[in-house]
Amino acid sequence: MPVIEELAQEAAELARWRQDLHAHPEIAFAEHRTAQEVAARLAGFGIEVHGGVGKTGVVGKLAVGGGNRAIALRADMDALPMEEKNSFAHRSRHAGRMHACGHDGHTTMLLGAARHLARTRRFDGTVYFIFQPAEEGDGGAQAMIDDGLFERFPVEAVYGLHNWPGLAAGTFGVRAGPIMAASDTFEITVTGRGGHAAMPHQTIDPVVAAAQIITALQTIASRRVMPTEAVVVSVTQLAAGEAWNVIPDQAVLRGTVRALSPSVRDAIAPEITRIAEGIAGALGASARVRYERRFSPTVNSIAEAEAAAAAAEAVVGPSGIVRSLPPSMGAEDFGAMLERRPGAYVWLGNGPTDGGRALHSPLYDFNDSVLPVGASYWVKLVEQQLPVHA
Ligand code: NI
């Protein structure tokens, strides 16, 4: 792969950094060792370090030349609360914690790029290296924003990257517009009146109401949202009753909503409430809906998606870029940053998923062969977006 020569030569060293992070996974807002490693390396490269941004987040600042333009590059640092099943030497040393999403690789690629940029300084302006905590469901991006990320480190654009198993190693997936979905959760409590299972006419059965609500919720995607829009409404938990001969008082349903467009997302909560309350009411029961907005969709702006494609092309050539991948209905909290600044989030192929190399699999491992590719992408992006004018 035609990556930057020096970064190609550093491949083995980058792999050691990555494998060390892999062996020491830390979960949301507990990335103390990881943040310390990142801060120490950045300082060693001569980069100004700001720690404790959004609890365990770290921001590095590298200003070169007299230019007043600035962009930010973001990597996530956290691992998952799960047990690793790999047996290689760099497997997790901590029970119940694992880098199963490749954030060890993301952190390493951004560090590799930071060192290269600090050494070569072939750009004019300021680049901020954002090392974000708690991407896996706990809103680390929002925590950094709430801690003044974009006020303290003002940028015109922010860029993110995630490895993508199933996409050929070292290939980039780039698209303008939505690339990852919004992710919300809901809980529906159906209340009836319990009693003897053999005398159902004396009860109001919340289980029967819950069953009909589950079925009717399927009509949101099929009958309420325009067919060309993407939406997911999944009921994933159903809890009711404790005995086989007792009709319970309550049934609780929980689930998740995914949508690519903000307007579709906004329309879902009222639909869930209308269906749950309406069906429960028709059966003599009642329903209470709690809807929690969690993560915004990750939506790439057009100009910055083109900038990302140009940087990727400089590393892997036009044949190494896939522009036709559909968006994922998975979620990513980087969307919160893209709500505040223009930017682009790209996928970097991690190779085949054989042998369990899928995201969040207990057999996952980041593909070290793409470390120089991702680091080269970051370097090219900075050099192209903050060019030195002769
Ligand atoms: Ni991830």
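As the structure is a computational prediction, the values presented were derived from the model and not from experiment.

Cut-off values and rules
- Residues numbered from 1 in each chain as written.
- Predicted model: local features only at pLDDT ≥ 70, side-chain atom pairs only at ≥ 80, totals over all residues.
- Heavy atoms only, no water.
- Core = buried A, V, L, I, M, F, W, Y, C linked by side-chain atoms within 4.5 Å.
- Buried < 20%, exposed > 50% of the residue type's maximum accessible area, 1.4 Å probe, protein only.
- Helix = DSSP H or I, 4+ residues; strand = E, 2+ residues; numbered from the N terminus.
- Contact = heavy atoms within 4.5 Å.
- Domains from an automatic or database assignment.
- Buried area = accessible area lost by both parts, 1.4 Å probe.
- Polar contact = N/O pair within 3.5 Å; in protein donor to acceptor, adjacent residues only side chain to side chain.
- Donors = N, O, S within 2.8 Å, 3.2 Å for Na, K, Ca; no water.
- Salt bridge = Lys/Arg side-chain N within 4 Å of Asp/Glu carboxyl O.
- Pairing = 2+ DSSP bridges.
- Axes fitted to C-alpha atoms, helices over the stretch in contact; angles between N-to-C directions.
- Parallel < 35°, antiparallel > 145°, perpendicular 65-115°, else oblique.
- Left-handed = near helix turned anticlockwise from the far one by under 90°.

Asks: For this particular structure, what's the right way to read the nonpolar core?
Replies: What tends to happen in soluble globular proteins is that the nonpolar side chains get buried as a cluster. In this structure, Leu73, Phe129, Phe131 and Tyr377 are the most contacted members of the largest nonpolar core, which totals 62 residues. Looking at which element gives the most residues to this core, the answer is helix α11 (residues 371–385), with eight residues. Once you skip the residues sitting within four places of it in the chain, Phe131 turns out to touch Val38, Leu42, Gly57, Val58, Ala75, Met77, Thr107, Leu110, Leu111 and Met144. Counting 25 residues, the second-largest nonpolar core is a separate cluster that includes Ala210, Leu217, Val264 and Ala280.

Asks: Can you walk me through the domain arrangement of the protein in this structure?
Replies: Where the parts come together, the accessible area they lose is often given as the size of the interface. Per the domain assignment, the segments making up the protein are domain 1 (5–176 + 301–385) and domain 2 (182–295). Taking the mean C-alpha position of each, domain 1 and domain 2 sit 38 Å from one another. Across the contact, nine residues belong to domain 1 and nine residues belong to domain 2. Surface buried jointly by domain 1 and domain 2 totals about 630 Å² across both partners, of which 74% is contributed by carbon and sulfur atoms. Three residues, Gly137, Met329 and Ala331, lead the burial of domain 1 against domain 2; their summed loss comes to 70% of the area buried on that side. Where domain 1 meets domain 2, there are two residue pairs in polar contact (both at pLDDT 80 or more).

Asks: When you look at the coordination of the nickel ion in this model, what are you seeing that I'm missing?
Replies: Angles at a metal have ideal values that depend on geometry: 109.5 degrees with four tetrahedral donors, 90 or 180 degrees with six octahedral donors. The protein atoms that coordinate the nickel ion are Cys101 (SG), His103 (NE2) and His162 (NE2), at distances spanning 2.1 to 2.3 Å. Between consecutive donors of the nickel ion, the numbers of intervening residues give the motif C-x1-H-x58-H. Residues Cys101 and His103 agree in their burial class; the two are buried.

Asks: Can you help me understand the pattern of salt bridges in this one?
Replies: Pairs can form between side chains of opposite charge once their charged atoms are near each other. Counted by the stated rule, this structure contains 22 salt bridges. Here Glu10 makes a salt bridge to Arg115, at a shortest N to O gap of 3.3 Å. Of this pair, Glu10 sits in the loop between α1 (5–9) and α2 (11–23) while Arg115 is found in helix α4 (residues 103–120), placing the two residues 105 residues apart along the sequence. Comparing Glu10 with Arg115, the two get one shared label, buried. Taken together, the shared-partner salt bridges in this structure form one network comprising Glu10, Glu13, Arg115 and Arg119.

Asks: I keep staring at the sheet that holds strand β4 (residues 125–132) and nothing clicks. Help me out?
Replies: In sheet architecture, strand pairing relies on hydrogen bonds along the backbone and comes in two forms, parallel and antiparallel. Strand order in the open sheet formed by eight strands is β1-β2-β4-β3-β5-β16-β6-β14, with mixed pairing between adjacent strands. Sheet topology places β1 (48–53) and β14 (321–322) at the edges, where each strand pairs with a single neighbour. Sheet topology note: the strand β2 (residues 57–64)/β4 ladder contains seven bridges and is antiparallel. Its bridge partner lying in β4, Ala63 is registered against Thr126. Running over the sheet, α4 touches β2, β3 (70–76), β4, β5 (157–164) and β16 (343–349) and is turned about 145° from β3. Each of β3, β4, β5, β6 (172–173) and β16 touches α11; the most contacted strand, β3, lies at about 165° to it.

Asks: I'm lost on the packing of helix α9 (residues 302–316) against α11 in this one. Help?
Replies: Geometrically, a packed helix pair is captured by the angle between its two axes and the distance between the axes. Closest axis-to-axis distance for the α9/α11 pair is 8 Å, and the angle between their directions is 125°. It follows from the interaxial angle that α9 and α11 lie oblique. Judged by the sense of rotation from one axis to the other, the crossing of α9 with α11 is right-handed. Contacts between α9 and α11 pair Ala307, Ala308, Ala310, Ala311, Ala312, Ala314, Val315 and Val316 from the former with Val373, Ser376, Tyr377, Lys380, Leu381, Gln384 and Gln385 from the latter.

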